[in-house]
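# Structural features, examined
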Amino acid sequence: MKNIESFLEERKLLIRNAFLLTLFCLNVAWFIKLGFHSLMGDDIGAWRFYQGKGLLESVFSAADGKFRPVLNLFQYWLFSVFDVNYQAFFILNILFNFVIVYFLYKIIFQITKFDIIAFLASAIYITSRFSYYNILQVYGFMEALCLFFLLIMIYYSIKLYRDFKWYYIHIIYAFNFLIVFTHERYIVLVPALCLIVFFHPELRKKKIWLLPAIILPTLLNYAVKKWLFSSGFLIGTGGSTINFDIKLVATFVAAGLANMFGFNAGPTYLNGIDIFRVNSFVNISVGIVTIIVLYFFGIFFFKAYKTKNVFFFKISLIFIVLFFSLMLAASITIRQELRWLYAPFIVFIIFFSYVLSKISLNKMKTCLLIVICFLIFSNDYYYKKHIGNVFFVYSQQIADSAYKETIGRYGESLADYKVYIQKHRELTWPLGGSMFFQPYLGSNFKVNYYDNLNEILTNEIENEKFVVYSFDFNNRKLIDITNQVKLNILLKNRTVFYDFLANLDHGNVHPKNGKLDTPNGEGGFPMTWDNIGKSLTLISPYKYEYTNIQLSNESKSLLITAYLPLEESDGTRLYVEVEDSGKIERVSQTDLKPGKDNFVNLQVDLSSYSGKKVNISFGAESPSGDQTADWIALSKLLLIN
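Rules used in this analysis
Residues numbered from 1 in each chain as written. Predicted model: local features only at pLDDT ≥ 70, side-chain atom pairs only at ≥ 80, totals over all residues. Heavy atoms only, no water. Salt bridge = Lys/Arg side-chain N within 4 Å of Asp/Glu carboxyl O. Axes fitted to C-alpha atoms, helices over the stretch in contact; angles between N-to-C directions. Helix = DSSP H or I, 4+ residues; strand = E, 2+ residues; numbered from the N terminus. Parallel < 35°, antiparallel > 145°, perpendicular 65-115°, else oblique. Left-handed = near helix turned anticlockwise from the far one by under 90°. Contact = heavy atoms within 4.5 Å. Nonpolar A, V, L, I, M, F, W, Y, C, P; charged D, E, K, R; others polar. Polar contact = N/O pair within 3.5 Å; in protein donor to acceptor, adjacent residues only side chain to side chain. Pairing = 2+ DSSP bridges.

In this section: the pattern of salt bridges. In a structure, side chains of opposite charge can pair up when their charged atoms sit close to one another. Throughout the structure, instances matching the rule amount to 19 salt bridges. Taken together, the shared-partner salt bridges in this structure form one network comprising K543, R573, E577, R586, D591 and E621.

Printed below as a string of structure tokens:
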């Protein structure tokens, strides 16, 4: 008999470990491809906050009036170890998320005794659309840390009722202190903690000192802010003042409840996609999930009422009060971000799992459970595809583009350049003016933001080292337009006598081929590139010839903007030839390389041909002779004075 029991226990343990391993893999797989590479926004602000500060000064500071010493301690240590290594923070957040998953699994198994329910509930937690801030932002560790503390408190609250020991309440009180000083939003735990004391026969006897001890962290937090930092007690997102607008709070609570069931209630920049643009199948499936979940809740409460099970009602009341307290905390500021709904959602998951464990699951109810799990995972996958519309995700895309186009290209030498970036409201938060660049280029580095290019051209920057970027919000990236600006500088006070690109039909490709894999089958053709627009594109060893071009006495220069578009090229030579009375002279040749120097402006002197009628050819050839990816795009071909 003992051998059979031992075998069954080992089998259960094996299943549990298999479920946990699966959850670990799901946790990594769900997030790993979302990683970015640059600190930005509030995260880069946090990095700067800790620079030059010691441990005590960092921990006992109140940035923006928010006194969070527990968070400060962790962030001080993390920035000391990781500095501005975003990927390190990203991996840490993923791993710590699994620590939360592990405790969630443990709690749900403790109250249900069903590994399958614990597994499915934990998987739903991982894939939830409330999760992305916790993973993608350095400040997400703050949210995750609070969730972890909350789970510890729930875990030991359950143990209080299962196997009473006084040190359990001490642990709960200790983590209540920690959570309030990690984020003041969690002062809302007070009502649920008071109910735990009132409903427990052993604790109720000591309520005279237990109840004040619950409120103590909140009072202490208020006192420190008021008397040491002279700041408000509750400060909303973005430093806004919290004004308890009843109508607005009620609206947010209603939206939060809808989000619990899977409806995407909220603006696109917060939720990824507006509820009215969500696929109709998804909204229908969310409706089905809502009906089934409410059906299970109805069975549970009817059974509790029928059996007069007071204990079930007490536990339910604690969960309901905890849920709505956390929902209120997510609904009292100027907007409702999905990250704030993660805490009430985790309580919702635990309570629903508890409800399931108290219902006899026949075949029909088991099928319904499978249906809602399938629909929830399908909907989470659908919402994940739209996560790029959420403000902190597209801001990360912007930051990565900014890093790639600036620090990634120029390194620390960018500090020697004057940097211009086009103004846009969506750049304000991720770049923070110049703050984004200062970890790499020093605290004195400043970015110049412009409204239009004329501001730059009037700054007399011809003799300075400079780079200029426009901003493409639709593609979330900075675009280097330095050469366009340099071209405009070259064209200042110049007259254009002939535009070769506007007269492409007057030129001819040599040698003729007609069999190449190009738009026109030839070695020279018009083509539009994303970064330079329409161009004359040449491939080695072809050239494009214009005949009988009349050069006046004033048209003394040929202005060329050349671009090497293919990164796999080992280099291409651009040359210009002039044929005068049957004599061909190569008047210019330039070797281009892929990379940051592959976009150049050339000015070719043609003064020796002034007043003559000549043939002008633009050609491409391979310096190495391999002719692999040897393409040149010419976006400007002008005769000027």
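With that settled, consider the packing of helix 4 (residues 69-82) against helix 8 (residues 140-162). Two elements in contact, helix 4 and helix 8, have axes separated by 11 Å at closest approach and are oriented at 125°. With respect to helix 8, the axis of helix 4 lies oblique. Crossing geometry of helix 4 relative to helix 8 is assigned as right-handed. The segment helix 4 lies against helix 8, with V70, L71, F74 and L78 engaging F141, M142, L145 and F149. Partitioning the contact of helix 4 with helix 8 into residue classes produces 8 nonpolar, no polar and no charged.

To continue, consider the side chain of D480. Topologically, D480 is positioned in strand 4 (residues 477-480). Within the structure, D480 has its side chain in polar contact with the side chain of R409 (distance 2.8 Å). A polar atom in the side chain of D480 sits 2.6 Å from the side chain of T482. Those residues in contact with D480 that sit more than four places away from it in its chain are E405, R409, Y410, V468 and Y469.

Attention shifts here to the environment of C146. In this structure, C146 sits in helix 8. Taking the C-alpha atoms as reference points, C146 and D64, 82 residues apart in sequence, are found 20 Å from one another. Here C146 is in contact with I179, T182, H183 and Y186, once residues within four sequence places are set aside.

Now for the sheet that holds strand 11 (residues 572-580). Reading across the sheet, the 5 strands line up as 6-9-14-11-12 and stay open at both edges, with antiparallel pairing between neighbours. Here the strands that pair on one side only, and so sit at the sheet edges, are strand 6 (507-510) and strand 12 (583-592). Taking each pair of neighbouring strands and ignoring which way they run, the sheet shows an average axis angle of 20°.

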